[in-house]
Amino acid sequence: MSLDTSRSHDLFQRARQFMPGGVNSPVRAFKSVGGEPFFAQRAEGAYLYDVDGNRYIDYVGSWGPMIAGHAHPSVIEAVQKTLVDGLSFGVPNALEVAMGERLAELMPSMPMQRMVNSGTEATLSAIRLARGATGRTLIVKFEGCYHGHGDSFLVKAGSGALTFGQPNSPGVPAPLADLTLTLPYNDFDAATTLFDAHGGEIAGLIIEPIAGNMNCILPKDGYLQHLRELCTKHGALLIFDEVMTGFRVSRGGAQQRYGITPDITTLGKIIGGGMPVGAYGGREDLMRQIAPDGPIYQAGTLSGNPVAMAAGLATLALLDEPGFYERLEQNTNRLCDGLETAARDAGVAVTTNRSCAMFGLFFTDKKVESFADATACDINAFNRFFHGMLQRGVYLAPSAYEAGFLSSAMSESDIDATIEAARGAFRDAFAD
Ligand SMILES: *Cc1c(COP(=O)(O)O)cnc(C)c1O
């Protein structure tokens, strides 16, 4: 059994001549799972359709934005209605105001915000704000957390627990990487020790409150509260990067789910409904320091783009449907429980982590709570499983280190079809 993907193959050959890896963002190239990516023709609801006419149940959802499913009629309609009046104005528009009010309502910790064009731009702006507002230079991040491709985030831990960071990519200056300290996720003591040593120099600590870029890892009980207390005690700003978790794990994001108030929040993905959008925001006394109210500079030619705002607002409106998150959570549980059962029946060691509309599947029999745990899983098993699922019309993220996403367009029968596919994929992947 093998899908016909000849048109995708031809496009990929052409793409490789013009784009590094044939793609405009690395993970799309399928390098870690092997093989070649398929090219999308269109998408609707729970499904992606490729240029060869194959249909896939999609658990990537454009890497997060499509919580309401692809091409949702009300989102498409909002975009169509908006775009006939012009694509960009370069002066303020009413949709930006509506977006600001909506975000402040959904996330009370960010009564003021600034719209930008990507998650990367949001996190870069957030750490500039943290540094500008505190007059300090150090940033703390976590091993395995991803905050976009900004220089200050492409940093790995130095050799000792308390050493300064090292560049994770050529092109990141070592003196800049020095200003980013890296902690192991979910390690209470390491955070305490680091703040005891450097607390007075730390401008901000940035974290994915539920980590979704090292597969899916949940914070231990009390961990986010611990970080909140450390930041408060040492005068550092707590930055929740909710680019992924914002409106995916609850109507008010991870901060609502865990009852923690960050100083600054970054958003993206869902708030653009599939258009390129990001945002950062926080307390008024902080946000008033951004230009032109204050001296900290940040700007964007296309920021607050009307078509993007329309797509985002229409998507955010769908979150108010009664039972929206309950249904997502039930479906995620149905999926994860089903995958665990299918694996057990096939004699394969698998565990899952989940939070509302995101989940992680790990080829291990241990609980996964850190980057080290995630990297200890059987990656080759995942890669075989990935291809087995793809052949059966289920598209999982093409890397063992990415979370899976559900959308409200998925039905119980989509979930059950996925579990059925997994039964076959587990069997094939582990037949010797
Ligand atoms: C996707 C992501 C980003 C980067 O967003 P882009 O729009 O890809 O620049 C930042 N932080 C988190 C947590 C993300 O998941």
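Residues numbered from 1 in each chain as written. Predicted model: local features only at pLDDT ≥ 70, side-chain atom pairs only at ≥ 80, totals over all residues. Heavy atoms only, no water.

Moving on: the overall build of the protein chain. When helices and strands are counted, the protein chain shows 14 helices and 16 strands. For 432 residues, the compact-globule formula gives about 22 Å, and the C-alpha radius of gyration of the protein chain, at 21 Å, lands near that figure. The principal-axis extent of the C-alpha atoms belonging to the protein chain is close to 60 × 55 × 45 Å. Relative to its 432 residues, the protein chain shows a buried fraction of 54%. Considering only residue pairs separated by 6 or more positions, the protein chain has 72% of its internal contacts joining residues 24 or more positions apart. With the model as given, the accessible surface of the protein chain reaches about 18,100 Å², and the carbon-plus-sulfur share is 53%. In the protein chain, 34 side chains carry a positive charge and 47 a negative one; their mean positions are 2 Å apart. (Helix = DSSP H or I, 4+ residues; strand = E, 2+ residues; numbered from the N terminus. Rg over C-alpha atoms; globule rule 2.2 N^0.38 Å. Buried < 20%, exposed > 50% of the residue type's maximum accessible area, 1.4 Å probe, protein only. Contact = heavy atoms within 4.5 Å. Areas by Shrake-Rupley, 256 points an atom, 1.4 Å probe, with all protein chains shown as cover. Lys, Arg positive; Asp, Glu negative; His and termini not counted. Charge placed at Lys NZ, Arg CZ, Asp CG, Glu CD.)

Across the five residues of strand S14 (residues 358–362), five count as buried, placing the element largely inside the fold. Where burial is concerned, the two faces of S14 agree: the one with Met-358, Gly-360 and Phe-362 and the one with Phe-359 and Leu-361 are both buried. In terms of strand pairing, strand S13 (residues 351–355) meets S14 through five bridges, oriented antiparallel. In the sheet register, Ser-355 faces S14, and the bridge partner there is Met-358. Hairpin connection of S13 to S14: two residues between the antiparallel strands, including Cys-356 at a positive phi of 50°. Note: S14 against strand S16 (residues 404–405), two bridges, orientation antiparallel. Looking across to S16, one finds that Phe-359 is bridged to Gly-404. (Pairing = 2+ DSSP bridges.)

Considering all chains together, one arrives at zero disulfides under this definition. Unpaired in terms of disulfides, Cys-356 finds its nearest cysteine sulfur in Cys-216, a separation of 11 Å. (Disulfide = S-S within 2.5 Å.)

We now examine the sheet that holds strand S10 (residues 237–241). Taken together, seven strands build an open sheet; the order of strands is S4-S12-S11-S10-S9-S5-S8 and the sheet is mixed. Two strands bound the open sheet, and with one partner strand each, they are strand S4 (112–116) and strand S8 (180–183). Strand-to-strand twist across the sheet, computed as the mean angle between neighbouring axes with direction ignored, equals 20°. In terms of strand pairing, S10 meets strand S11 (residues 264–268) through three bridges, oriented parallel. The residue of S11 that forms the bridge with Phe-240 is Thr-265. Packing against the sheet, helix H3 (residues 94–106) makes contact with S4, S11 and strand S12 (278–282), and its axis sits at approximately 125° to S4. (Axes fitted to C-alpha atoms, helices over the stretch in contact; angles between N-to-C directions.)

Approximately 260 Å³ is the volume found for the second largest pocket. Lining the second largest pocket are 15 residues, and of these Val-91, Pro-92, Asn-93, Glu-96 and Ser-303 lie nearest its centre. Taken together, the residues of the lining of the second largest pocket sort by class into six nonpolar, eight polar and one charged. (1 Å grid on protein atoms, 1.4 Å probe; cavity = no way out; pocket = protein on both sides within 12 Å on 5 of 7 lines; lining within 4 Å. Points joined across faces, edges and corners; volume = space filled by probe spheres on them. Nonpolar A, V, L, I, M, F, W, Y, C, P; charged D, E, K, R; others polar.)

Taken as a whole and assessed by the stated rule, the structure comprises four cavities of 30 Å³ or more. Taken as a whole, the largest cavity holds about 120 Å³ of empty space. Lining the largest cavity are 15 residues, with Phe-359, Leu-361, Phe-382, Leu-396 and Glu-402 positioned closest to its centre. Where the lining of the largest cavity is concerned, the elements lending two or more residues are S14 and helix H13 (379–391). Counting residues per element, the lining of the largest cavity draws most heavily on S14, which supplies three residues. Looking at side-chain class alone, the lining of the largest cavity contains ten nonpolar, four polar and one charged residues.

Let us now look at the domain arrangement of the protein chain. By the assigned domains, the protein chain splits into domain 1 (6–67 + 322–429) and domain 2 (73–318). With 29 residues of domain 1 in contact, the opposing surface of domain 2 contributes 28 residues. On the surface where domain 1 and domain 2 come into contact, there are one salt bridge. One salt bridge in this structure joins Arg-257 and Glu-329, with 3.1 Å as the shortest N-O distance. The tally of links between domain 1 and domain 2 comes to twelve residue pairs in polar contact (both at pLDDT 80 or more). (Domains from an automatic or database assignment. Salt bridge = Lys/Arg side-chain N within 4 Å of Asp/Glu carboxyl O. Polar contact = N/O pair within 3.5 Å; in protein donor to acceptor, adjacent residues only side chain to side chain.)

One pass over the structure, following the stated rule, counts 18 salt bridges. The shortest N-O distance in the salt bridge between Glu-105 and Arg-251 comes to 2.8 Å. Remark: Arg-251 occurs in the loop between S10 and helix H8 (253–258) and Glu-105 occurs in helix H3; sequence separation between them is 146 residues. Since its relative accessible area comes to 43%, Glu-105 is described here as partly exposed. Across the salt bridge formed by Asp-337 and Arg-354, the nearest N and O atoms sit 2.9 Å from each other. In this pair, Asp-337 sits in helix H11 (residues 324–345) while Arg-354 sits in strand S13, placing the two residues 17 residues apart along the sequence.

We now examine the pairing of strand S9 (residues 202–207). Here S9 lies mainly inside the structure; six of its six residues are buried. As judged from the three bridges shared by strand S5 (residues 138–142) and S9, these two strands associate in the parallel manner. Counted as the bridge partner of Val-140 is Leu-205 from S9. Relative to S10, S9 is paired through four bridges, and the arrangement is parallel. Bridge pairing in S10 places Gly-204 opposite Leu-237.

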